[in-house]
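Below, each chain spelled out in residue letters.
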Amino acid sequence: MRASVLYNRAMRPVPARRVSHAPLLLALALAFAPAACERKPRGGDHGPTPPAEHSRIEHRAAPTQASAAYRWVDIMLEVTGREVVQVGARPTIISRQMAIPMTAMYDAWAAYDPVAVGTRLGGSLRRPVAEHTQANKEAAIAYAMHAALVDLFPADRAFIDAQMQQMGHDPALQGEPGSPAAIGRAAAAAVLQHRRHDGSNQAGDEPGGDGTPYGDTTGYAPKNPVDRIVDPDRWQPITFEDPKRGAFAPGFLTPQWFKVEPFALQRSDQFRPPPPPKVGSPELAAQTEECIRFNATLSLEQKAIVEFMRDGPRSTGQSGHWLQFAQDVSRRDHHDLDTDVKLFFAIANTAFDAFIAAWEAKRFYDTSRPFTLVRHYHRGGKVEGWLGVCKGTGEVAAEQWYPYSPRSFVTPPFPGYPSGHSTVSAACSTMLRHFTGSDRFGAFAKQTAGIYTEAECTTAQMQAARGVPATDVPASHEIVLELPTFTATAEMAGISRVMGGYHIQADNVEGLTLGRKVADFSWPVYRAYWEGTAKVEPGP
């Protein structure tokens, strides 16, 4: 079964009353305009220029050839996924854990480029032209990546060491001054030192914290308790049910993230979105009803979209997902090492900044999610909704309405406005468009509908209505999702969160707008680094 991001069932199964989809649909229309979105990169040589047409590429397919930078992204994704299994999904923290190694990798590589300057030490590490060899570049970025990953993931040092050895490098080597190992370690050390106290509270030692690594330093307290709604406009913690931990209600994840120093943005509130709709407005009521209708009518294709963008129990967040999309581009366009280093550096930091911008707005507005809004608008009543694993849809008490998600992770533990998925996806898709000079993606992804939520159910059970198994659905769970353009892929990510019941439409639309602003502002900053025009004062 094939699903396109534009088809009606995926996007709008039932039109929402008084909800304007104009910004969303206009963006989608532009994403599919065949010629209007094609353009050349705005200066700078990024490597081979892609041909006008490409064959379709499969998302996350194994590469026939891969640069050292590409392989290090794979290692970083694996290390991140391993940590997620241990501590849970922490998308803000993950974005930083990816931006730091990608920056260290870029800075080490820049020492072997004729003009590029590093982000911390400028051109002070630059080696003579005779040393600008592929082998030296690969060694330098290996030692930069190793140093950064070991700092960020100390519990996985043995695994990281083993990967280093498989790449042909001695993880214990410090190197003589000026050697690739020494250059890589110096580049990583400068980036790590700069980020040591950047507002993230990585070590738990920043003012206002309680010693917990990455813990809150701002004293945030939710307006609503878990068991009742005091203010329906404000965020409410939600109880999760985990087989190992039992019932628990996680607090706001990293409410201090608005204090984190961005990479390219000037301030976290630089592009703060306008106020969201509130209770009492027809917009919020209509958008809440839209979530309810999605929840009660999700097709197999829509469930596949929700879970593809949710990315499962080892999810590396939107940072990891968009680095994987960048890897798709690398395979599609046959990137060399230099081009991959620039691309992954730009995408990782764009996602990092997008998270900071989104979290600033989340903290500032502190808005509720559909879980709270459905209970507020329909208190004591019933709605049509998803009944749970293998039960399909039917009438359910508003207090028992749940998003299409496992009870172990009902909805992300932080305020809704704007959507992080929408913000980061729009930012990274726009950066890919800038980098490649075209909006065309030409990818597809194979997804098993229900794999993360209803893995043991038949399709007939998944699509049951009021207790009656569906008879008009295929037996196969396999769905092919089309990703024709970068913009369309970001739009799919955004609407998936509304479909899943995690966000209202305002969260999505304003998140998309915010993300594009972040990328448009940031693009010249990245170009300036690899074109050698950035002004960097060498120092920590």
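What you see is a predicted model; the values in this text were computed from it and never measured.

### Let's talk about the overall build of the protein chain
1) Next: Helix and strand counts for the protein chain come out as 16 helices and eight strands.
2) Next: Out of the 540 residues in the protein chain, the part that is buried amounts to 61%.
3) Next: Nonlocal contacts in the protein chain, meaning residues at least 24 apart in sequence, comprise 79% of its contacts between residues at least 6 apart.
4) Next: As displayed, the protein chain offers around 20500 Å² of accessible surface, 53% of which is attributable to carbon and sulfur atoms.

### Concerning the packing of helix α3 (residues 68–87) against helix α11 (residues 337–365)
1) Next: At their nearest, the axes of α3 and α11 sit 7 Å apart, and the two run at 40 degrees to each other. By the angle between their directions, the pair α3 and α11 is classed as oblique. Contacts between α3 and α11 involve Ala 68, Ala 69, Tyr 70 and Val 73 on the former and, on the latter, Leu 337, Asp 340, Val 341 and Phe 344.
2) Next: Split into classes, the residues belonging to the contact of α3 with α11 amount to seven nonpolar, no polar and one charged.

### Observations concerning helix α6 (residues 157–166)
1) Next: Taken together, the buried positions of α6 are Phe 159, Ile 160, Asp 161, Gln 163 and Met 164.
2) Next: Buried-residue contacts for α6 involve α3 and α5 (134–152).
3) Next: Immediately downstream of α6, the backbone of Gly 168 shows phi near 95 degrees, a positive value.

### Some words on unusual backbone geometry
1) Next: In this model, Tyr 417 is joined to Pro 418 through a cis peptide bond whose omega is -5 degrees.
2) Next: As for its position among the elements, Pro 418 is in the loop between β6 (392–397) and α13 (420–436).
3) Next: Backbone geometry at Cys 390 places phi at a positive 70 degrees, although glycine is not the residue there.
4) Next: Tracing the backbone through its elements, the reader meets Cys 390 in the loop between β5 (382–388) and β6.
5) Next: With a phi close to 50 degrees, Arg 466 is a non-glycine residue in the positive phi region.
6) Next: Structurally, the position occupied by Arg 466 is in the loop between α14 (459–462) and β8 (478–485).
7) Next: Residue Arg 466 is classed as exposed on the basis of its relative accessible area of 57%.

### Some thoughts on the pattern of salt bridges
1) Next: Taken as a whole and assessed by the stated rule, the structure comprises 21 salt bridges.
2) Next: Across the salt bridge formed by Arg 195 and Asp 198, the nearest N and O atoms sit 3.0 Å from each other. Neither residue differs from the other here; Arg 195 and Asp 198 are each classed as buried.
3) Next: Put simply, Arg 310 and Glu 307 hold a salt bridge, and the shortest N to O gap is 3.2 Å. Separated by three residues within a single helix, Arg 310 and Glu 307 lie in helix α9 (residues 300–310), roughly one turn from each other.

### Focus: the side chain of Arg 331
1) Next: Checked against the element boundaries, Arg 331 lands in helix α10 (residues 317–333).
2) Next: Setting aside residues up to four positions removed in sequence, Arg 331 forms contacts with Glu 58, His 59, Arg 60, Ala 61, Ala 62, Pro 63 and Tyr 70.

### Looking at the packing of aromatic side chains
Two measures describe an aromatic ring pair: the distance that separates the ring centres and the angle between the ring planes.
1) Next: The tally for this structure, following the rule as stated, stands at 27 aromatic pairs.
2) Next: Aromatic side chains Trp 322 and Phe 325 sit 4.7 Å apart centroid to centroid with 70 degrees between the ring planes, which places their arrangement in the edge-to-face category. Here Trp 322 pairs with Phe 325, and both are found in helix α10, just three residues apart, close to one helical turn.
3) Next: Residue Phe 325 is classed as buried on the basis of its relative accessible area, which comes to 0%.
4) Next: Ring pairing ties together the aromatic residues Tyr 106, Trp 109, Phe 263, Phe 345, Tyr 526 and Tyr 529, which thus form one cluster.
5) Next: A cation over a ring is seen here: Arg 82 above Phe 159, with NZ or CZ 4.1 Å from the ring centre.
6) Next: Just above the ring of Phe 248 sits the side chain of Arg 245; from NZ or CZ to the centre is 3.7 Å.

### What about the nonpolar core?
1) Next: In terms of nonpolar packing, the biggest core is built from 130 residues, with Tyr 106, Phe 344, Ile 347 and Trp 530 touching the most fellow members.
2) Next: The dominant element in this core, judged by the number of residues it contributes, is α11, at 17 residues.
3) Next: Residues contacting Ile 347, with those up to four places away along its chain left out, are Trp 322, Leu 323, Ala 326, Cys 428, Met 431 and Leu 432.

### Section: the confidence of the model for the protein chain
1) Next: When the pLDDT values of the protein chain are averaged, the result is 91; 89% of them are 70 or greater.
2) Next: For residues 4–52, every residue scores under 50 in pLDDT, and the model assigns this stretch 102 contacts once sequence neighbours within four places are set aside.

### Description of the side chain of His 503
1) Next: With respect to the helices and strands, His 503 occurs in the loop between α15 (486–500) and α16 (505–531).
2) Next: Separated by 3.2 Å, the side chain of His 503 and the backbone oxygen of Gly 416 make a polar contact.
3) Next: His 503 has contacts with Cys 291, Lys 362, Arg 369, Pro 370, Gly 416, Ser 419, Arg 497 and Val 498, leaving out every residue within four places of it along the chain.

Cut-off values and rules
- Residues numbered from 1 in each chain as written.
- Predicted model: local features only at pLDDT ≥ 70, side-chain atom pairs only at ≥ 80, totals over all residues.
- Heavy atoms only, no water.
- Helix = DSSP H or I, 4+ residues; strand = E, 2+ residues; numbered from the N terminus.
- Buried < 20%, exposed > 50% of the residue type's maximum accessible area, 1.4 Å probe, protein only.
- Contact = heavy atoms within 4.5 Å.
- Areas by Shrake-Rupley, 256 points an atom, 1.4 Å probe, with all protein chains shown as cover.
- Axes fitted to C-alpha atoms, helices over the stretch in contact; angles between N-to-C directions.
- Parallel < 35°, antiparallel > 145°, perpendicular 65-115°, else oblique.
- Nonpolar A, V, L, I, M, F, W, Y, C, P; charged D, E, K, R; others polar.
- Salt bridge = Lys/Arg side-chain N within 4 Å of Asp/Glu carboxyl O.
- Phe/Tyr/Trp six-rings, centres within 6.5 Å; stacked < 30°, edge-to-face > 60°.
- Lys NZ or Arg CZ within 6 Å of the ring centre and 35° of its normal.
- Core = buried A, V, L, I, M, F, W, Y, C linked by side-chain atoms within 4.5 Å.
- pLDDT = per-residue confidence, 0-100.
- Polar contact = N/O pair within 3.5 Å; in protein donor to acceptor, adjacent residues only side chain to side chain.

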